[in-house]
Amino acid sequence: GGSALGPLIIALKGSESEEASACWELRGRLTRGLGRYDEAVGCFQKAVVLNELYYYLEMWNNTLREKGSLTPSLAIQLISFARALHHHGREERESESEAMLLHAQHVLEDTLGPKHADVATHALQALAELYGQGMGR
């Protein structure tokens, strides 16, 4: 069930939240004001990444609360979250991304059948990208 993903969600809430994003945005504004443009761009990019991760996390938590269990639509949201987590330079979380993708694949196969197009379109494609070149890079 979703309990295996609990530690990941708690870790993200602790360090990668809206507040952290706001801090990076503020730092970007300050460094831009000081004329340190390269540093400012890096800060703004980090803020955008944190906002996207937080968005997927909130979508995941809200859907899980509403549904109470994993559904195909929630599995596809989990795939989106795993892609975002890995895509934005989070190589140290590659094993967590892989675990989320494998879990989503299992949910899709159980609910839709292993030969359903959504299994290949969403789960298997994302896994192939992770194993091949790194989630869309």
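Details of the structure are given in the entry above.
These figures come from a predicted structure and were not determined experimentally. (Residues numbered from 1 in each chain as written. Predicted model: local features only at pLDDT ≥ 70, side-chain atom pairs only at ≥ 80, totals over all residues. Heavy atoms only, no water.)

### Examining the pattern of salt bridges
Now for step 1: According to the stated counting rule, one finds 4 salt bridges in the structure shown.
Now for step 2: A salt bridge links Glu25 to Arg29; the nearest nitrogen and oxygen atoms lie 2.7 Å apart. Within this pair, Glu25 and its partner Arg29 are both found in helix H2 (residues 18–33), separated by 4 residues, close to a single helical turn.
Now for step 3: We classify Glu25 as partly exposed; its relative accessible area is 32%.
Now for step 4: Judged by its relative accessible area of 48%, Arg29 falls in the partly exposed class. (Salt bridge = Lys/Arg side-chain N within 4 Å of Asp/Glu carboxyl O. Helix = DSSP H or I, 4+ residues; strand = E, 2+ residues; numbered from the N terminus. Buried < 20%, exposed > 50% of the residue type's maximum accessible area, 1.4 Å probe, protein only.)

### Some thoughts on the packing of helix H5 (residues 94–112) against helix H6 (residues 117–132)
Now for step 1: Axis separation between H5 and H6 bottoms out at 9 Å; the angle between their running directions is 160 degrees. With respect to their mutual orientation, H5 and H6 come out roughly antiparallel. The hand of the H5/H6 crossing is left-handed. Together, Glu94, Glu98, Leu101, Leu102, Gln105, Leu108, Glu109 and Leu112 of H5 and Asp118, Val119, His122, Ala123, Leu124, Ala126, Leu127, Leu130 and Tyr131 of H6 make up the contact between the two elements.
Now for step 2: Split into classes, the residues belonging to the contact of H5 with H6 amount to 11 nonpolar, 2 polar and 4 charged. (Axes fitted to C-alpha atoms, helices over the stretch in contact; angles between N-to-C directions. Parallel < 35°, antiparallel > 145°, perpendicular 65-115°, else oblique. Left-handed = near helix turned anticlockwise from the far one by under 90°. Contact = heavy atoms within 4.5 Å. Nonpolar A, V, L, I, M, F, W, Y, C, P; charged D, E, K, R; others polar.)

### Describing the nonpolar core
Now for step 1: Ranked by size, the top nonpolar core spans 21 residues in total, and within it Leu53, Ile79, Phe81, Met100, Leu101 and Leu108 carry the most contacts.
Now for step 2: Elements with a contribution of two residues or more to this core: helix H3 (37–67), helix H4 (72–87), H5 and H6.
Now for step 3: Per-element tally for this core: the top contributor is H4, with 7 residues.
Now for step 4: Once residues lying within four places of it in the same chain are set aside, the contact partners of Ile79 are Leu101, Ala104, Leu108, His122, Ala123 and Ala126. (Core = buried A, V, L, I, M, F, W, Y, C linked by side-chain atoms within 4.5 Å.)

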